[in-house]
Amino acid sequence: MFIVLKSAAKPSVSVELGRAQSGAHAQGTVLNQLEWEDIRCASCRFGARFEHCAMVRSCAEIYGYFCDVVSYGQAGAVLVSGEDRLEFTGSAQCVAAFAILACMVYSECGQAAPYSFLLEHFCRVQGQTGNPAFFANSQNRLGRQGVESAVKSGRQSWHEQFDTLLRRKVVSVLGIYDNGGLNDTLRNASQILYSISSLTLDELHTDRGASCKPGLI
């Protein structure tokens, strides 16, 4: 799977997702400035095989692309998986939020993959038509990889764990790429992602067990 990022301000780029292997399309700048022990989950499904967090590695090129794109500028992203395509267009901050969420859930990170259902809801909230076939086929692919059944701590609710993932892995690295606060695209994107995801998770059935994947009301 890969995502194509487009903006009127700069050439488009293609970023490969779900390649949790050493040196796989990683943005060296952000990774070299992180203490990976502080960013990786203690229960990382890759153990100690890789130096950096799979989710941060997957998101790094998204940060690099949008760090100098103004938040209100027009942009687009296309997720491609085989013959399936999912297009998303809008302001740069909304497209960046979509791209970050896609990188999170398709990064092969066992903690983020169970939240892949948020991507479809994110598109609906943003008024995007989406592609049902893309979501169905992507869900099946995660299931075949065994990533979707990753462990979620029973001590945290679904909302609490997603909030933790955002804060520890997404927001914590933005300072490297937001040009000293001069560009608000990435921070706005994180806020949009947090708000929409929180709204979605708040609407879930509250009587589902902590170990069960929630279903939308």
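Analysis parameters
- Residues numbered from 1 in each chain as written.
- Predicted model: local features only at pLDDT ≥ 70, side-chain atom pairs only at ≥ 80, totals over all residues.
- Heavy atoms only, no water.
- Core = buried A, V, L, I, M, F, W, Y, C linked by side-chain atoms within 4.5 Å.
- Buried < 20%, exposed > 50% of the residue type's maximum accessible area, 1.4 Å probe, protein only.
- Helix = DSSP H or I, 4+ residues; strand = E, 2+ residues; numbered from the N terminus.
- Contact = heavy atoms within 4.5 Å.
- Pairing = 2+ DSSP bridges.
- Axes fitted to C-alpha atoms, helices over the stretch in contact; angles between N-to-C directions.
- Parallel < 35°, antiparallel > 145°, perpendicular 65-115°, else oblique.
- Nonpolar A, V, L, I, M, F, W, Y, C, P; charged D, E, K, R; others polar.
- Disulfide = S-S within 2.5 Å.
- Phe/Tyr/Trp six-rings, centres within 6.5 Å; stacked < 30°, edge-to-face > 60°.
- Lys NZ or Arg CZ within 6 Å of the ring centre and 35° of its normal.

## Quick notes on the nonpolar core
Residues I3, F66, L79, F98 and M104 are the most contacted members of the largest nonpolar core, which totals 58 residues. Every element with two or more residues in this core is listed here: strand 1 (2–7), helix 3 (54–66), strand 3 (74–81), strand 4 (84–91), helix 4 (92–105), helix 5 (117–125), helix 7 (158–170) and helix 8 (185–202). Counting residues per element, this core draws most heavily on helix 4, at 13 residues. In this structure, L79 is in contact with M1, F2, I3, L17, D84, R85, L86, F98, A102, Y106, L119 and F134, ignoring residues within four places of it in sequence.

## Quick word on the sheet that holds strand 4
Ordered in space as 2-1-3-4, the four strands form an open sheet in which the pairing is antiparallel. The open sheet is flanked by strand 2 (10–16) and strand 4, the only strands paired with a single partner. Across this sheet, the average inter-strand angle for adjacent strands is 15 degrees, counted without regard to direction. Bridge analysis of strand 1 against strand 2 gives five bridges, and the strand direction is antiparallel. Directly across from I3, in strand 2, lies its bridge partner V15. Sheet contacts for helix 4: strand 1, strand 3 and strand 4; angle to strand 4, the most-contacted strand, approximately 145 degrees.

## Thoughts on the packing of helix 7 against helix 8
Between helix 7 and helix 8, the shortest axis-to-axis distance is 10 Å and the interhelical angle comes to 170 degrees. The orientation of helix 7 relative to helix 8 falls into the category roughly antiparallel. Of helix 8, the residues touching helix 7 (which contributes W158, H159, F162, D163, L166, R167 and V170) are S190, L193, Y194, S197, S198, L201 and D202. Class assignment for the residues of the contact of helix 7 with helix 8 results in seven nonpolar, four polar and three charged.

## Observations concerning the state of the cysteines
This model, assessed by the stated rule, comprises zero disulfides. C59 takes part in no disulfide bond, and the closest cysteine sulfur, belonging to C103, lies 4.9 Å away.

## Let's talk about the packing of aromatic side chains
Considering all chains together, one arrives at five aromatic pairs under this definition. Considering the side-chain rings of Y65 and F66, the 5.2 Å spacing of their centres and the 85 degrees angle between planes classify their relative orientation as edge-to-face. An angle of 50 degrees between the planes, with centres 5.0 Å apart, marks the rings of Y115 and F162 as tilted. Here Y115 is found in the loop between helix 4 and helix 5, whereas its partner F162 is found in helix 7, with 47 residues between them in sequence. For Y115, a relative accessible area of 0% gives the class buried. Residue class for F162 comes out buried when judged on its relative accessible area of 3%. What links up through ring pairs into an aromatic cluster is the set F88, F98 and F122. Lying over the aromatic face of Y65, K10 brings its terminal NZ or CZ to 4.7 Å of the ring centre.

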